[in-house]
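Each chain, written out:
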Amino acid sequence: MKQLSALIKAHPFLFSYLGVYALLQIGLIYHSGLRFAIPLLFLFFIPFLIIYSFLSRWSFSISSFELKIKNLDKYLFFLALLIVLIHFGWLGKIPFIDAWNASKLSEANIIRKSSSSGLPKWLHYASTWTIRALLPTTALFFLSKRKMSWFIFSVGLGCFYGLALLQKSLIFWIGFPVILYYLFNRKWWHGLLSTSIMIGLFLVAIFANNPQLHGGEHDLSPPQLEKKDRANMVSEGVFNRIFIIPGKTMSMWFTHVPKDKPFLYGRDFGLYARLIDQKAVDYNLELYAFFYPEYAKQGIKGSVNTAHFMRSYANFGWWGLPISAILLASFFGFLNNIYRKTNPNLAFSLQIFPLLLLSSGSLLTLLFSGGWGLILVLIMLSPSKDNLNV
């Protein structure tokens, strides 16, 4: 038991990812049996483990990246606050209030999408990096240095921002790292309180996004769903979202590519598509009509995000899976260095949520536009673990 505990502690990202992969298999096998699970095992998972075993001891120095700026955490907080104010100033409203007062689900959906649609590209990226990287990292910097007032300001701003934009996942970006950091440092009551607050905010976000739960109309659902009990609708939806939908979505990607949509061979990368004079293609959007035809007939547009290795599959077929295995194993070797040579509890707490999102997002997307890369940069720029008060 002690050996297993030591192994998990030495390779936390690997063991966390094993949980993600296992979760994906539940929905995949539930929806399509072993049809896709077995090729995925031999073309992605086993190569990933083999390559990781060679790269896990890869070591390099990160001390040269340290940026010794006094009050860097406060500068980051005020930068985040400025971006939040610019965002709401640009919108001219707080979407949460409008959605709560909406009488139909279709109206709430439009309001939620309006919180990010139409933004200039720079503000869209700034907003994403703020809630996914700046505020969570700043909050843990303050917490690790016991600057509790600044910590509360950072967490409060992050929770308010995520809730105001009606984005349930954004609440987890700020709350999940805090909970993990408390638990790793054996602050059980603090972790329990933080968990309770996050669950409460998440439920509030669900109610704001779904007017049918507080007297409104579920005008987008098929008729048979309208007869369901409201509590069952929520609990069933949460269960499916966690255990079934990620793997089911992956299965449907395998089913429709290349049967209904051809392999892309790089055309989903905007720069490469422009170089070959073709329009960039996004299967996350284009496959929605195949997955949810009833909603598509109503004119609803959405996305069907899937596991990180499916982007390689959509580009290069089965050969894309071992390519994805090489990339992920190399990246985890890089993460191991950061974990060992900085504050390990802080580094892991900040990165576990984007790691979990590998179940529904591309690694490159999470790194660049998703904020994970910025988290890594900020961790490397922060003082080494020897200089932190944990």
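Our structure is the block above this text.
As the structure is a prediction and not an experimental result, all values here were calculated from the model.

(A) Spotlight on the overall build of the chain. Of the regular secondary structure elements, the chain holds 20 helices and 0 strands. Counting over 390 residues, the chain shows a buried share of 47%. If you sum the accessible surface of the chain, you get close to 19,800 Å²; carbon and sulfur atoms cover 66% of it.

(B) Spotlight on the packing of aromatic side chains. One pass over the structure, following the stated rule, counts 35 aromatic pairs. A ring pair is formed by phenylalanine 331 and tryptophan 372, whose centres lie 5.0 Å apart and whose planes are at 90°; its orientation type is edge-to-face. Of this pair, phenylalanine 331 sits in helix α17 (residues 320-341) while tryptophan 372 is found in helix α20 (residues 372-381), placing the two residues 41 residues apart along the sequence. Judged by relative accessible area, which is 10%, phenylalanine 331 ranks as buried. Members of the aromatic cluster, connected to one another through ring pairs, are Tyr17, Tyr21, Phe44, Phe45, Phe48, Tyr52, Phe309, Phe331, Phe332 and Trp372. Against the face of phenylalanine 269 rests arginine 311, its NZ or CZ located 4.2 Å from the ring centre.

(C) Spatial organisation of the nonpolar core. Judged by nonpolar contacts, the single largest core of 105 residues is most densely connected at Tyr17, Leu40, Phe44, Met250, Phe309, Phe332 and Trp372. For this core, the element with the most residues is helix α7 (residues 121-144), which contributes 11 residues. With sequence-adjacent residues up to four places away left out, phenylalanine 332 is seen in contact with Phe13, Leu14, Tyr17, Phe48, Tyr52 and Leu355.

(D) Seen up close, unusual backbone geometry. Geometrically, the link from valine 257 to proline 258 is a cis peptide bond, its omega value of 10° lying close to zero. If you trace the backbone, proline 258 turns up in the loop between α11 (230-256) and α12 (270-275). The phi angle at arginine 146 is positive, at roughly 60°, despite the residue not being glycine. Relative to the assigned elements, arginine 146 resides in the loop between α7 and α8 (148-164). Residue classification places arginine 146 among the exposed residues on the basis of a relative accessible area of 56%. A positive phi angle, near 50°, is found at tyrosine 265, a position not held by glycine. Residue placement: tyrosine 265 occurs in the loop between α11 and α12. When its relative accessible area of 51% is taken as the criterion, tyrosine 265 is described as exposed.

(E) Spatial organisation of α7. Helix length check: α7, at 24 residues, gives a terminal C-alpha distance of 33 Å against a target of 34 Å (1.5 Å per residue), a fit within 8%. If you look at α7, its biggest bend is around 50°, right at threonine 130. The element α7 is largely enclosed, with a buried count of 18 among its 24 residues. Residue arginine 146 follows α7 closely and has a positive phi angle near 60°.

(F) Up close: the side chain of threonine 342. The topology assignment puts threonine 342 in the loop between α17 and α18 (344-356). A residue is classified by how much of its surface remains accessible, and threonine 342, at 3% relative accessible area, is buried.

(G) Fine view of the pattern of salt bridges. Under the definition given, this model contains 5 salt bridges. Two residues, lysine 93 and aspartate 98, come together in a salt bridge whose shortest N-O distance is 3.9 Å. Looking at lysine 93, the relative accessible area reads 32%, which means it is partly exposed. Between arginine 311 and aspartate 268 there is a salt bridge, and its shortest N-O distance comes to 2.8 Å. Taken together, the residues span a long stretch of sequence, with arginine 311 in helix α16 (residues 309-316) and aspartate 268 in the loop between α11 and α12 at a distance of 43 residues. Here arginine 311 falls in the partly exposed class, since its relative accessible area comes to 22%. Beyond isolated ion pairs, a larger network of salt bridges with shared partners links Asp73, Lys145 and Lys147.

(H) Spatial organisation of the side chain of histidine 256. Position of histidine 256 among the secondary structure elements: in helix α11. Within the local environment of histidine 256, its side chain forms a polar contact with the side chain of aspartate 260, the two groups lying 2.6 Å apart. The contact partners of histidine 256, leaving out residues within four places of it in the chain, are Lys261, Leu287, Phe290 and Phe291.

Basis of the calculations
- Residues numbered from 1 in each chain as written.
- Predicted model: local features only at pLDDT ≥ 70, side-chain atom pairs only at ≥ 80, totals over all residues.
- Heavy atoms only, no water.
- Helix = DSSP H or I, 4+ residues; strand = E, 2+ residues; numbered from the N terminus.
- Buried < 20%, exposed > 50% of the residue type's maximum accessible area, 1.4 Å probe, protein only.
- Areas by Shrake-Rupley, 256 points an atom, 1.4 Å probe, with all protein chains shown as cover.
- Phe/Tyr/Trp six-rings, centres within 6.5 Å; stacked < 30°, edge-to-face > 60°.
- Lys NZ or Arg CZ within 6 Å of the ring centre and 35° of its normal.
- Core = buried A, V, L, I, M, F, W, Y, C linked by side-chain atoms within 4.5 Å.
- Contact = heavy atoms within 4.5 Å.
- Expected span 1.5 Å × (residues − 1).
- Bend = angle between axes of the 7 residues up to and from the residue.
- Salt bridge = Lys/Arg side-chain N within 4 Å of Asp/Glu carboxyl O.
- Polar contact = N/O pair within 3.5 Å; in protein donor to acceptor, adjacent residues only side chain to side chain.

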